[in-house]
Amino acid sequence: MVSERASRALGGSVAIDLQDFSRTLFAAADQLWTNSTLRPDQYAQPVLALIALRQMEAKFEGVHAELAPQYKGRLKPAPADYQAKGAIFLPENSRFSRLLALPGTADLGAELNAAMKGIADANPDLSGALPQGYSGLPNDVLQELLRLLAPLKIEGDAYGLIFEYFMGQFASSFMQKGGEYFTPASIVKLIVEVIEPYHGTIFDPACGSGGMFVHSAEFVRRHHKSPSKEISIYGVEKMSDTLRLCRMNLAVHGLSGDLREANSYYDDPHKLIGRFDFVMANPPFNQSEVDRAKLVNAAGKVDARFPFGLPTVNNANYIWINLFYAALNPTGRAGFVMANSASDAGGSERELRRQVVETGAVDCIIAVGPNMFFTVTLPVTLWFLDKGKAKSPRRDKVLFVDARHLFRQVTRANRTFDADHIEFLGNIVRLWRDEEIETEAGSGPRMAEAFPDGKYRDVVGLCKIATRDEIKKQDWSLSPGRYVGVAPGQTYNDDEFKVKLEALQEALEGLTAEAVQLQMRIAENVAELLA
């Protein structure tokens, strides 16, 4: 069942199971594939835009009720007044309630196109972000989607949960591995919890649907500050459709940013070197065939965005790690998802990893168990860099945390971190940094058990601070299992065989995803030929 807080957020006198609702909504969305000419990778946008519109109106109505008493006579609030309070201004013809009340004879596709255009005209940040393809969709399908959304009063994190479920189902069915535009919320929240983006510039060079930005803003709000005043958002995304989703997602959450369509391997639209306070990303894992010739100049010098040099293997993991480090300012922090194999890779990657460790900026490495992602079944590792740490007494030390035993099983194939898990892991890092812990999410009992004196200590099977010399003796490995050990009752280990097996499995998943994409393209080409 949905949590009590999420049930309240959905409103009404009857608690709604958000999972059940989301499944119903996705099934209705699936009708677009059956009853229209849209491909699966196209129907997400129209449906998500309807969910967004429902959320937009809920926020709009709340802000409108707050603003209305301040205006008398013919004076009315301007769009900027709504935007200043984190709401999207909705013209009369763009409101969900009006669309829902239209008679069955109305051309709902044309009405929705006009509604989306009206929103974009009133809110320039959404120009080009909202779909305009509703006219080709059957009226009955659109009416059913509106009807399903109508009872909801989507407030708080309920929209985010619906969005997450929908994107996750879409990702699991049609997307390549690596979470190219979808990262589960619990993983993003953990990254945010560790890097603590209270104030400053945030950069995601593989920003996808914008989850890193949304959860950073939620972190700021949770600490009683205004995201629009405290953080500035910068992103890069190579897929135009995905970038539109990102802009829509930001707008719905009352955010805006400088988002560019580009390929982060070859393009640098934000002039990233040394610019950002925070870097967050879930880059595609183990990507091959990067054109190295584009990463060096005519004289053969490697681009400054890759200060440690390029790996000689056909794998982009360390190209991304270079880029994340280069983008940080002298006190900047980075948190990103990385394939497990990158923690122990040999050859040129080991040499690059040694360089990264020797900067003193490697702050914390967290091992995450399997099935946390919809598109990757393998366990992954979260890396955290902190350039400010390089000038602190902790310079020659790294905190390793093994979080593989912390999770809630959602389905047979999927796991998640609950709020208390995230807070607990964040608190381990806070103790390591001599910061105050937080217990609002319920991590108190776990903290008391693991750290009875309220101070950091190494805990077998959970966490250990390793010195640079210890890391060197482990061949510069950044795999937490090599340092943390195995607590009584835990059965996994990190021996060499498992590392190699995981690397092989990662490669197999990549090939499988490519095969699925190729099969879809072949089917589309055959359909065009037979049309």
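It should be noted that the structure appears before, not after, this text.
What you are looking at is a predicted structure, and each value in this text was computed from that prediction instead of being measured.

Caption draft 1: Main features of the packing of aromatic side chains. Under the counting rule described, the total for this entry stands at 15 aromatic pairs. Ring geometry for Y82 and F89: centres 5.3 Å apart, planes at 50 degrees, overall tilted. Accessibility expressed as a relative area gives 16% for F89, which makes it buried. Positioned above the aromatic ring of Y234 is the side chain of R275, whose terminal nitrogen or guanidinium carbon lies 4.6 Å from the ring centre. In this structure, R415 is placed above the aromatic ring of F407, and the distance from its NZ or CZ to the ring centre is 3.7 Å.

Caption draft 2: Spotlight on the sheet that holds strand β8 (residues 397-402). Ordered by their spatial adjacency, nine strands build an open sheet running β3-β2-β1-β4-β5-β7-β6-β8-β11, and the pairing between neighbours is mixed. Edge strands, defined here as strands with exactly one partner in the open sheet, are β3 (258-261) and β11 (463-467). Mean inter-strand twist for the sheet, computed between neighbouring axes without regard to direction, equals 15 degrees. Relative to β3, strand β2 (residues 231-237) runs parallel, the two sharing four bridges. Of the residues in β3, the one forming a bridge with V236 is R260. Relative to β2, helix α10 (residues 211-222) is tilted by about 165 degrees, and along the sheet it contacts β1 (200-204), β2, β3 and β4 (276-281). Strands β1, β4, β5 (328-339) and β7 (380-386) of the sheet are contacted by helix α13 (residues 317-327), whose axis makes an angle of about 155 degrees with β5.

Caption draft 3: Here's a closer look at the packing of helix α9 (residues 185-195) against helix α15 (residues 419-432). Running from amino to carboxyl end, α9 crosses α15 at an angle of 25 degrees, the nearest separation of the two axes being 9 Å. Taken together, the axes of α9 and α15 lie roughly parallel to each other. The two elements α9 and α15 meet at a crossing, and its hand is right-handed. Across the interface between the two elements, S186, K189, L190, E193 and V194 from α9 touch I422, E423, L425, G426, V429 and R430 from α15. For the contact of α9 with α15, the class distribution of residues is five nonpolar, two polar and four charged.

Caption draft 4: Molecular detail of the pairing of β8. Here β8 lies mainly inside the structure; five of its six residues are buried. Relative to β8, strand β6 (residues 362-368) runs parallel, the two being bridged by four bridges. Each bridged residue has a counterpart across the sheet, and for I366 the counterpart in β8 is V401. Taken together, the five bridges between β8 and β11 define a ladder with antiparallel strand orientation. Bridge assignment links K397 to a residue of β11, and that residue is T467.

Caption draft 5: View of the pattern of salt bridges. One pass over the full model with this rule turns up 30 salt bridges. The salt bridge partner of E435 is R333, with a shortest N-O separation of 3.8 Å. On the criterion of sequence distance, the pair formed by E435 in the loop between α15 and α16 (444-450) and R333 in strand β5 is long-range, its members being 102 residues apart. Given the relative accessible area of 25%, E435 is considered partly exposed. For R333, a relative accessible area of 15% translates into the label buried. Residues participating in the shared-partner salt-bridge network are E193, E196, R222, R333, D363, D386, R394, R430, R433, E435 and E438.

Caption draft 6: Representation of the packing of α9 against α10 in the model. At a minimum axis separation of 9 Å, α9 and α10 run at an interaxial angle of 55 degrees. Considered as vectors, α9 and α10 are oriented oblique to each other. Judged by the sense of rotation from one axis to the other, the crossing of α9 with α10 is right-handed. Contact with α9, carried on its side by A185, V188, K189, I191, V192 and E193, involves G211, M212, H215, S216, E218, F219 and R222 of α10 and no other residues of that element. Residue composition of the contact of α9 with α10, by class: six nonpolar, three polar and four charged.

Caption draft 7: Just unusual backbone geometry, in detail. With a phi angle near 60 degrees, D434 is a residue other than glycine that sits in the positive phi range. Along the chain, D434 falls in the loop between α15 and α16. For D475, which is not a glycine, the phi torsion comes out positive at approximately 60 degrees. Residue position: D475 is located in the loop between α17 (468-473) and α18 (481-484). Here D475 falls in the partly exposed class, since its relative accessible area comes to 41%.

Caption draft 8: Molecular detail of the side chain of S216. Tracing the backbone through its elements, the reader meets S216 in helix α10. Apart from the residues within four sequence positions on either side, S216 is in contact with V192, P197, I202, I231 and M280.

Caption draft 9: Molecular detail of the nonpolar core. One finds F417, I428 and F451 to be the most contacted residues of the largest nonpolar core, which totals 54 residues. Other than its neighbours up to four places away in sequence, F451 contacts F424, I428, L431, Y456, R457, V459, L462 and C463.

Caption draft 10: Examining empty space enclosed by the protein more closely. A full pass over the atoms with the stated rule returns four cavities of 30 Å³ or more. The volume enclosed by the largest cavity comes to roughly 150 Å³. Along the walls of the largest cavity sit 13 residues, with A206, E237, K238, P284 and W320 positioned nearest its centre. For the lining of the largest cavity, the residue count by class is seven nonpolar, three polar and three charged.

Rules used throughout
- Residues numbered from 1 in each chain as written.
- Predicted model: local features only at pLDDT ≥ 70, side-chain atom pairs only at ≥ 80, totals over all residues.
- Heavy atoms only, no water.
- Phe/Tyr/Trp six-rings, centres within 6.5 Å; stacked < 30°, edge-to-face > 60°.
- Buried < 20%, exposed > 50% of the residue type's maximum accessible area, 1.4 Å probe, protein only.
- Lys NZ or Arg CZ within 6 Å of the ring centre and 35° of its normal.
- Pairing = 2+ DSSP bridges.
- Helix = DSSP H or I, 4+ residues; strand = E, 2+ residues; numbered from the N terminus.
- Axes fitted to C-alpha atoms, helices over the stretch in contact; angles between N-to-C directions.
- Contact = heavy atoms within 4.5 Å.
- Parallel < 35°, antiparallel > 145°, perpendicular 65-115°, else oblique.
- Left-handed = near helix turned anticlockwise from the far one by under 90°.
- Nonpolar A, V, L, I, M, F, W, Y, C, P; charged D, E, K, R; others polar.
- Salt bridge = Lys/Arg side-chain N within 4 Å of Asp/Glu carboxyl O.
- Core = buried A, V, L, I, M, F, W, Y, C linked by side-chain atoms within 4.5 Å.
- 1 Å grid on protein atoms, 1.4 Å probe; cavity = no way out; pocket = protein on both sides within 12 Å on 5 of 7 lines; lining within 4 Å.
- Points joined across faces, edges and corners; volume = space filled by probe spheres on them.

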